[in-house]
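These are the residues of each chain, in order.
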Amino acid sequence: MKRVIVVGGGIAGTIVANRIARTIPEELEKGEAEVVVLDKSDKHVYQPGQLLVPFNVQDPVELVRNERDILDHRVRFLHGQKGEVTKIDPANHTVVTADGVSHTYDYLIIATGSHLRWEEVPGYKDAVYSPWDFDSALKLREALDQFSGGTVVINVAKLPHKCPVAPMEATLMLDDMLRKKGLRDKTEIVYTYPINGIFGIKTTNDVMIKIFQERGIKVISPFNVTNVDPKNKVMESQEGEKVKFDLAIGVPPHVGAKVIGDSGIGDKRNWVPTDKFTLRMKDHSNVFVIGDTTDIPISKAGSTADFESYIIANNVANEIRGTGLKKTYDGSVFCYIATGVDSATYIRFNYANPPVPPPPSYVHWWGKLMYNKLYWTVTAKAIV
Amino acid sequence: MFIMIKMSLKIYKKLDLTGQSCAGPLGELSGVLEEISPGEAVEAVLGDEATKKDVVAWATKKGYKIVQERRDGNNYVVVLTK
Ligand SMILES: Cc1cc2nc3c(=O)[nH]c(=O)nc-3n(C[C@H](O)[C@H](O)[C@H](O)COP(=O)(O)OP(=O)(O)OC[C@H]3O[C@@H](n4cnc5c(N)ncnc54)[C@H](O)[C@@H]3O)c2cc1C
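Residues numbered from 1 in each chain as written. Chains lettered and ligands numbered in written order. Predicted model: local features only at pLDDT ≥ 70, side-chain atom pairs only at ≥ 80, totals over all residues. Heavy atoms only, no water.

Caption draft 1: Representation of helix α1 (residues 11-23) of chain A within the structure. All names here are of chain A. Counted at 1.5 Å a residue, the expected span for α1 with its 13 residues is 18 Å, and the 18 Å between its end C-alpha atoms agrees. The buried fraction of α1 is high, at eleven of 13 residues. Of the residues making up α1, those classed as buried are Ile11, Ala12, Gly13, Thr14, Ile15, Val16, Ala17, Asn18, Arg19, Ile20 and Ala21. (Helix = DSSP H or I, 4+ residues; strand = E, 2+ residues; numbered from the N terminus. Expected span 1.5 Å × (residues − 1). Buried < 20%, exposed > 50% of the residue type's maximum accessible area, 1.4 Å probe, protein only.)

Caption draft 2: Representation of the site of the ligand. Residues and elements named next belong to chain A. In the vicinity of the ligand, 29 residues are found, and the nearest of them are Ala12, Asp39, Gln47, Asp292 and Ser303. A distance of 2.6 Å is found between an oxygen atom of the ligand and a side-chain nitrogen or oxygen belonging to Asp39. Here the ligand, which alone exposes 1000 Å², has 94% of that area covered by the protein. Elements that contribute at least two residues to the shell around the ligand include exactly α1 and α9 (302-321). Class assignment of the residues belonging to the shell around the ligand gives a composition of 13 nonpolar, ten polar and six charged. Residues from two domains meet in the shell around the ligand; each of domain 1 (2-113 + 257-329) and domain 2 (117-254) gives at least three. (Near = heavy atom within 4 Å. Polar contact = N/O pair within 3.5 Å; in protein donor to acceptor, adjacent residues only side chain to side chain. Areas by Shrake-Rupley, 256 points an atom, 1.4 Å probe, with all protein chains shown as cover. Nonpolar A, V, L, I, M, F, W, Y, C, P; charged D, E, K, R; others polar. Domains from an automatic or database assignment.)

Caption draft 3: The packing of aromatic side chains, seen in detail. All names here are of chain A. Counted by the stated rule, this structure contains 13 aromatic pairs over all chains. Taken together, a centroid distance of 6.2 Å and an interplanar angle of 55 degrees make the contact between Trp118 and Tyr124 tilted. We note that Trp118, like Tyr124, is buried. Each ring, one from Phe334 and one from Tyr346, has its centre 5.4 Å from the other, and the planes form 25 degrees; the classification is stacked. Linking Phe334 in strand β21 (residues 333-338) with Tyr346 in strand β22 (residues 344-349), this pair joins segments that are twelve residues apart in sequence. Relative accessible area serves as the criterion here: at 27%, Tyr346 is assigned to the partly exposed category. (Phe/Tyr/Trp six-rings, centres within 6.5 Å; stacked < 30°, edge-to-face > 60°.)

Caption draft 4: Just the nonpolar core, in detail. Residues A:Ile20, A:Ile109, A:Met168, A:Phe199, A:Val316, B:Leu29 and B:Leu80 are the most contacted members of the largest nonpolar core, which totals 100 residues. Here the element with the most residues in this core is helix α6 (residues 166-180) of chain A; it accounts for eight residues. Two domains each put at least three residues into this core: domain 1 (2-113 + 257-329) and domain 2 (117-254) of chain A. Excluding its chain neighbours within four sequence positions, the residues that come into contact with A:Met168 are A:Tyr191, A:Ile198, A:Phe199, A:Met208, A:Phe212 and A:Ile337. Judged by nonpolar contacts, the second largest core, of 19 residues, contains A:Val36, A:Val95, A:Leu108 and A:Val272. (Core = buried A, V, L, I, M, F, W, Y, C linked by side-chain atoms within 4.5 Å. Contact = heavy atoms within 4.5 Å.)

Caption draft 5: Representation of the side chain of A:Gln58 within the structure. Residue and element names in this part refer to chain A. Mapped onto the fold, Gln58 is located in the loop between β3 (43-45) and β4 (64-66). Judged by relative accessible area, which is 13%, Gln58 ranks as buried. The contact partners of Gln58, leaving out residues within four places of it in the chain, are Gly49, Leu52, Val53 and Leu63.

Caption draft 6: Inspection of the UniProt feature "domain: UPF0033" (unreviewed entry) in chain B at higher detail. Residues annotated by UniProt as "domain: UPF0033" (unreviewed entry) correspond here to residues 13-82 of chain B. The annotated region residues 13-82 of chain B carries 34% helix and 37% strand content, and the separation between its end C-alpha atoms amounts to 14 Å. (UniProt positions renumbered as here; feature names shortened; annotations may be inferred.)

Caption draft 7: Structural view of the UniProt feature "domain: FAD/NAD(P)-binding" (unreviewed entry) in chain A. Listed under "domain: FAD/NAD(P)-binding" (unreviewed entry) in the UniProt record, and renumbered for this structure, are residues 3-294 of chain A. The span residues 3-294 of chain A is 25% helical and 28% strand by assignment, and the distance between its end C-alpha atoms comes to 22 Å.

Caption draft 8: Representation of the domain arrangement of chain A in the model. All names here are of chain A. For chain A, the assigned domains read domain 1 (2-113 + 257-329) and domain 2 (117-254). Between the C-alpha centres of domain 1 and domain 2 the distance comes to 31 Å. Listed by partner, the interface residues are 17 residues for domain 1 and 26 residues for domain 2. When domain 1 packs against domain 2, the two sides together hide about 1900 Å² of surface, and 65% of this comes from carbon and sulfur. (Buried area = accessible area lost by both parts, 1.4 Å probe.)

Caption draft 9: Seen up close, unusual backbone geometry. All names here are of chain A. Following Leu159, the chain continues into Pro160 via a peptide bond in cis, with omega recorded as -5 degrees. With an omega of 0 degrees, the peptide bond between Ser221 and Pro222 qualifies as cis. Positionally, Pro222 belongs in the loop between β13 (218-220) and β14 (225-229). Positive phi is not limited to glycine here, since His93 has a value of about 55 degrees.

Caption draft 10: Seen up close, the interface of chain A and chain B. Every contact between the two is made by 23 residues of chain A and, on the other side, 22 residues of chain B. For the pair chain A and chain B, the summed buried area comes to about 2000 Å², and 50% of that belongs to carbon and sulfur atoms. Joining chain A to chain B, the criterion identifies eight salt bridges. Note that A:Lys158 and B:Glu34 form a salt bridge whose closest N and O atoms lie 2.3 Å from each other. Along the contact surface separating chain A from chain B lie twelve residue pairs in polar contact (both at pLDDT 80 or more). (Salt bridge = Lys/Arg side-chain N within 4 Å of Asp/Glu carboxyl O.)

Caption draft 11: Looking closely at a nonpolar patch on the surface. Residues and elements named next belong to chain A. On the surface, a nonpolar cluster with roughly 280 Å² of combined accessible area is contributed by Tyr310, Ile383 and Val384. Along the chain, Ile383 turns up in the segment after α10 (362-379). Judged by its relative accessible area of 43%, Ile383 falls in the partly exposed class. (Patch = residues over 30% accessible without salt bridge, like charges linked within 9 Å, V, L, I, M, F, W, Y side chains within 5 Å.)

Caption draft 12: A look at the sheet that holds strand β11 (residues 150-156) of chain A. Residue and element names in this part refer to chain A. Strand order in the open sheet formed by four strands is β13-β12-β11-β17, with parallel pairing between adjacent strands. Across the chains shown, the open sheet's two edge strands, defined by having one partner strand only, are β13 and β17 (247-251). Strand after strand, the sheet turns through a mean of 20 degrees between neighbouring axes, direction not considered. Both β11 and β17 contribute to a ladder of five bridges, which runs parallel. Residue pairing across strands places Val152 opposite Leu247, the latter belonging to β17. Taken strand by strand, α6 contacts β11, β12 (187-192) and β17, and its axis lies near 175 degrees from that of β12. (Pairing = 2+ DSSP bridges. Axes fitted to C-alpha atoms, helices over the stretch in contact; angles between N-to-C directions.)

Here you go:
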């Protein structure tokens, strides 16, 4: 019997486990293979929706479901202490869970995600609201309800972070929301970013920065935040800038999961060294890495994980069966970019082709909302 | 001007930045270079000369040292340290 263990049942782990189950249903039913998902939590949070919560576009209740309900019935699921992985040991093909049990595997898929390290920037946690954190997204909604004008600073503390386009989206949704409330004239919006411009890909940056200019959004970049003074509401940068604000919305520094560091299998920020084409962990051919967990210079996004899941599911299934073609990942990413609270554009690209966003429209906004809605019934279940 | 890579310099990470990535080559590099300790370097593989020039200009402005620049087929390799 071949055992596939998936560590982490977030977007990436869930989609890949379901896709494997749909690819080798007979082997699973006959007991020739087994897919096990391990997660410390039995709840699944759809993080992309968190970005829409502060702007009253998304009901937060809809963002959390039971992981068991999303997983294919042929996939085993362990959670709590039984699912919390404390050590990943690729040399011995085992993972250890918090209940002390050692699980051996034939194939391992690491999907432990990216996590916020607020404390890297002194004062950030106390002064900055972040849709990257579920609770903070709710608090930001309240703060925006009460906001009556002033300076709002949007900040990205460090690259990479999950959903690279989301800071631009937050800025443009804020601008639009304030216009609709009649508060835009009383507000200055300042966007601060660690490298020149507002986004890393030149073709996209050039289109998006024009929208920022048209909407009167001030850009300060490069801006690498060093500390935030919560009392005086001032954000300082390595470059020597000081920005005074009334409200700050930001992306805290990201790192890979703690278990990656504890197991000594990651780099200094706990990202797992991964081959950008095969998605195998470097030096361990029976270990795959998916989603935010990799160190591949590519978007940390749910759509990335979805594209990657086809390659991993195909290759794991074929190795179990001993047949078939090997697929490789071409760097595909697709991201909608909200340009207001009723308009959006998108980027679709891969390693070889840079993206140019089309003109913003209501159709793409509708697409973004539909994509979010269909997550539970289509994407997560690996139906397509 | 090229400075010889000191034998003691350890490559902490090789970054293949030939493909498109959301943070862009500078964004990817800025995150990784902040992490390196003394005696470590980052090797960046870049797909075209314009990007290589951007990386060298950006790194020089940020105070990083370019310890090596070389061609590798169609790619450009730049080794950077603090
Ligand atoms: C504000 C915001 C907006 C976004 N917008 C978009 C968007 O529009 N489009 C898009 O494609 N993406 C978007 N994303 C990004 C997307 O949410 C992530 O890229 C995606 O969740 C990554 O999936 P993952 O499975 O790698 O990580 P996660 O979904 O974070 O899952 C990781 C899982 O691992 C588990 N885990 C961690 N450590 C352990 C352990 N030791 N033992 C067991 N389990 C463990 C966690 O409990 C969690 O369930 C957005 C993210 C945010 C925060």
